[in-house]
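Coordinate analysis (summary)
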Amino acid sequence: MSAAVELQPALVADAIAGLSAARKTLPCKWLYDAEGTRLFEAITRLPEYYPTRTEVQILDQRGRDIAQAVGPGAAVVEFGPGDGAKAVQLLGALQAPVAYLPVDIAPEWLEDVAARVTAAFPGLPVRPVVADFTRPFDLPAHAGGSAARLGFFSGSTIGNFEPEEAVAFLARARATLGPGARMLLGADLVKEVAILEAAYDDSARVTAAFNLNLLARLNREAGADFALDGFAHAARWNPGRERIEMHLVSRRPQQVRLGGKVFTFARGESIHTESSHKYRPDRLRQLAEAAGWRQAQVWMDPEEMFSVWLLRA
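Below, the structure is looked at part by part. The structure displayed is predicted, hence computed values, not measured ones.

Each helix and strand in the chain was counted, giving ten helices and twelve strands. The C-alpha atoms of the chain give 19 Å as radius of gyration, which agrees with the globular expectation for 313 residues (20 Å, within 12%). Along the first, second and third principal axes, the C-alpha atoms of the chain reach 60 × 45 × 35 Å. Going through the 313 residues of the chain one by one, you find that 53% of them count as buried. When contacts within the chain are restricted to residue pairs at least 6 apart in sequence, long-range pairs at least 24 apart make up 70% of them.

Here is the structure:
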C-alpha cells in the first residue's frame, strides 16, 4: 500500500476540519508530499531564504563546541529530517554517535534519508521511524541501547507550532527521548520585517509554488476540485504574534468540493496554511522551561539571525 493511500483519511479529515473553521486553515504538515519536499529543498537554496544556510553555518563553525557540549556516544533522534544533509553534518561533528533514528510521517522520504546517512557512515546503525512526530509515538526499544538520546529538531520547525503546541511538542519529545535526554533545537530569531517577508515570498515564486502545491495534493489525494489559478500565495508579518503567516488567498468568489462537502470562498478570503514564529531568546527559553527543559548552551551566527540551542531535560 502506498504512503499516499495510508495517509489519505487523515489528510481528508484535517482538510475538512480546517476548511470548516470560521477562519479557514490547513495543517502545514501536509505541505510536504514528494513535490512539496522537492520545492522546499529548492527554497532552502534561494538567496532570500537565510534560515537554512545560517543554521548550516552555525553547525559548521560551532560543530566542535556542540560535540563537546553533547559528549560522546549519543543516539541521535531527528524529528523531520528533510533530505538528511544536516544529519550528516551533525553526525560528522559528534563524538562516536551510536545510532541515528530519523522520524517522519512518509516512509519514502525516510528511505532516502537512511540511504544518505548510511552512505556517509557505513558502520552506524540507522533505524527510520515512521510516525507523525506532532503526536505521541514510541521509539524502537533496542535502538541505541542504553545510550542517552539527543533529539535534533532543526530548521526552526518549532516555529510552525502555536506557542502552546510548541510546549506540548517539547514535553512529548522529552518523554519520548527518555532519561538523560537532550535536544539540539534550531530557532529563527526576530529581525527586520523586510528580510522576513522576502524569505517567504521570493522573487522566483518558488515559495508560491510550494504553498499552492498543497491544493494540488488535495485534488490528487483527497478528490478535491481546487482551481489552482483561483488562489494566490501571500506571506504576511503578524507583529502581535511575531510570526510570518502563509496564506492562499481566493482570487474570486468560488466553491470547492472535498470529502462530500462544499466550501464557499469569498473574493479575498484566505486559507492560513503555515505560521513561522520568530523568537526572542527569553521567549524561547520560557517555552523550553515550560516543557521541562533547561538551556545548556546557545549558539548564534555573528549577525544574530538564527540560533541553535542545546537543551537538557
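Below, the discussion takes up the pairing of strand β6 (residues 231–238). Bridge count between β6 and strand β7 (residues 243–250): eight bridges; the pairing is antiparallel. Directly across from Trp237, in β7, lies its bridge partner Ile244.

The next thing to look at is the packing of helix α2 (residues 34–43) against helix α9 (residues 206–222). Viewed as axis vectors pointing N to C, α2 and α9 meet at an angle of 160 degrees, and their least axial separation amounts to 9 Å. Relative to α9, the element α2 lies roughly antiparallel. The handedness of the crossing between α2 and α9 is left-handed. Each of Glu35, Gly36, Leu39, Phe40, Ala42 and Ile43 in α2 lies in contact with α9, whose residues at this interface are Val206, Thr207, Ala209, Phe210 and Asn213.

As a further point, take the pattern of salt bridges. What the rule picks out here adds up to 21 salt bridges. One salt bridge connects Lys24 with Glu269, and the closest N-O pair in it is separated by 2.7 Å. Of the two residues, Lys24 sits in the loop between α1 (3–19) and α2 while Glu269 sits in the loop between β9 (261–265) and β10 (270–277), which places them 245 residues apart along the sequence. For Glu269, a relative accessible area of 22% corresponds to the partly exposed category. A salt bridge links Asp201 to Arg205; the shortest N-O distance between them is 2.7 Å. Judged by relative accessible area, Asp201 falls into the partly exposed class, the value being 30%. You can call Arg205 partly exposed: its relative accessible area is 41%. Members of the salt-bridge network, linked through shared partners, are Asp14, Lys29, Asp132 and Arg135.

Attention shifts here to empty space enclosed by the protein. Within this structure, the stated rule accounts for one cavity of 30 Å³ or more. In terms of lining, the largest cavity is formed by Phe79, Phe133, Arg135, Pro136, Phe137, Phe169, Arg172, Ala173 and Thr176. Top contributing element to the lining of the largest cavity by residue count: helix α7 (residues 163–177), with four residues. Taken together, the residues that form the lining of the largest cavity break down as six nonpolar, one polar and two charged.

Taken in spatial order, the seven strands make up an open sheet running β3-β2-β1-β4-β5-β12-β11, and their pairing is mixed. What marks the edges here is a single partner per strand, and that holds for β3 (129–130) and β11 (294–300).

Among the secondary structure elements, Thr273 is positioned in strand β10. What makes Thr273 buried here is its relative accessible area of 2%.

Next up on the list: the environment of Gly230. With respect to the secondary-structure elements, Gly230 resides in the loop between α9 and β6. Residue classification places Gly230 among the buried positions, given a relative accessible area of 0%. Distance from Gly230 to Arg267, taken between C-alpha atoms, is 9.6 Å for residues 37 residues apart in sequence. Contacts of Gly230, omitting those with residues within four sequence positions, involve Val249, Ser250, Arg251, Arg252 and Gln254.

Turning to the layout of surface pockets, a few remarks are in order. If you add up the space inside the second largest pocket, you get close to 190 Å³. Together, Ala22, Arg23, Lys24, Thr25, Asn238, Arg241, Arg243, Glu245, His247, Glu269, Ser270 and His272 line the second largest pocket. Where the lining of the second largest pocket is concerned, the elements lending two or more residues are β7 and β10. In terms of residue count, β7 provides more of the lining of the second largest pocket than any other element does, three residues in total.

This part covers α9. In this model α9 runs 24 Å from its N-terminal to its C-terminal C-alpha over 17 residues, within 8% of the 24 Å that 1.5 Å per residue would give. In the structure, α9 departs most strongly from a straight axis at Leu212, where the bend amounts to approximately 25 degrees. At the exit of α9 stands Gly223, carrying a positive phi of roughly 70 degrees.

Our next topic: the side chain of Asp104. Mapping Asp104 onto the fold places it in strand β2 (residues 99–104). One buried charged residue, Asp104, forms no salt bridge at all, with the nearest opposite charge on Arg217 at 9.2 Å. Contact partners of Asp104, with chain neighbours within four places excluded, come to Gly80, Pro81, Trp109, Leu110, Val129, Val130 and Ala131.

Each value, and the rule that gives it
- Residues numbered from 1 in each chain as written.
- Predicted model: local features only at pLDDT ≥ 70, side-chain atom pairs only at ≥ 80, totals over all residues.
- Heavy atoms only, no water.
- Helix = DSSP H or I, 4+ residues; strand = E, 2+ residues; numbered from the N terminus.
- Rg over C-alpha atoms; globule rule 2.2 N^0.38 Å.
- Buried < 20%, exposed > 50% of the residue type's maximum accessible area, 1.4 Å probe, protein only.
- Contact = heavy atoms within 4.5 Å.
- Pairing = 2+ DSSP bridges.
- Axes fitted to C-alpha atoms, helices over the stretch in contact; angles between N-to-C directions.
- Parallel < 35°, antiparallel > 145°, perpendicular 65-115°, else oblique.
- Left-handed = near helix turned anticlockwise from the far one by under 90°.
- Salt bridge = Lys/Arg side-chain N within 4 Å of Asp/Glu carboxyl O.
- 1 Å grid on protein atoms, 1.4 Å probe; cavity = no way out; pocket = protein on both sides within 12 Å on 5 of 7 lines; lining within 4 Å.
- Points joined across faces, edges and corners; volume = space filled by probe spheres on them.
- Nonpolar A, V, L, I, M, F, W, Y, C, P; charged D, E, K, R; others polar.
- Expected span 1.5 Å × (residues − 1).
- Bend = angle between axes of the 7 residues up to and from the residue.
- Lys, Arg positive; Asp, Glu negative; His and termini not counted.

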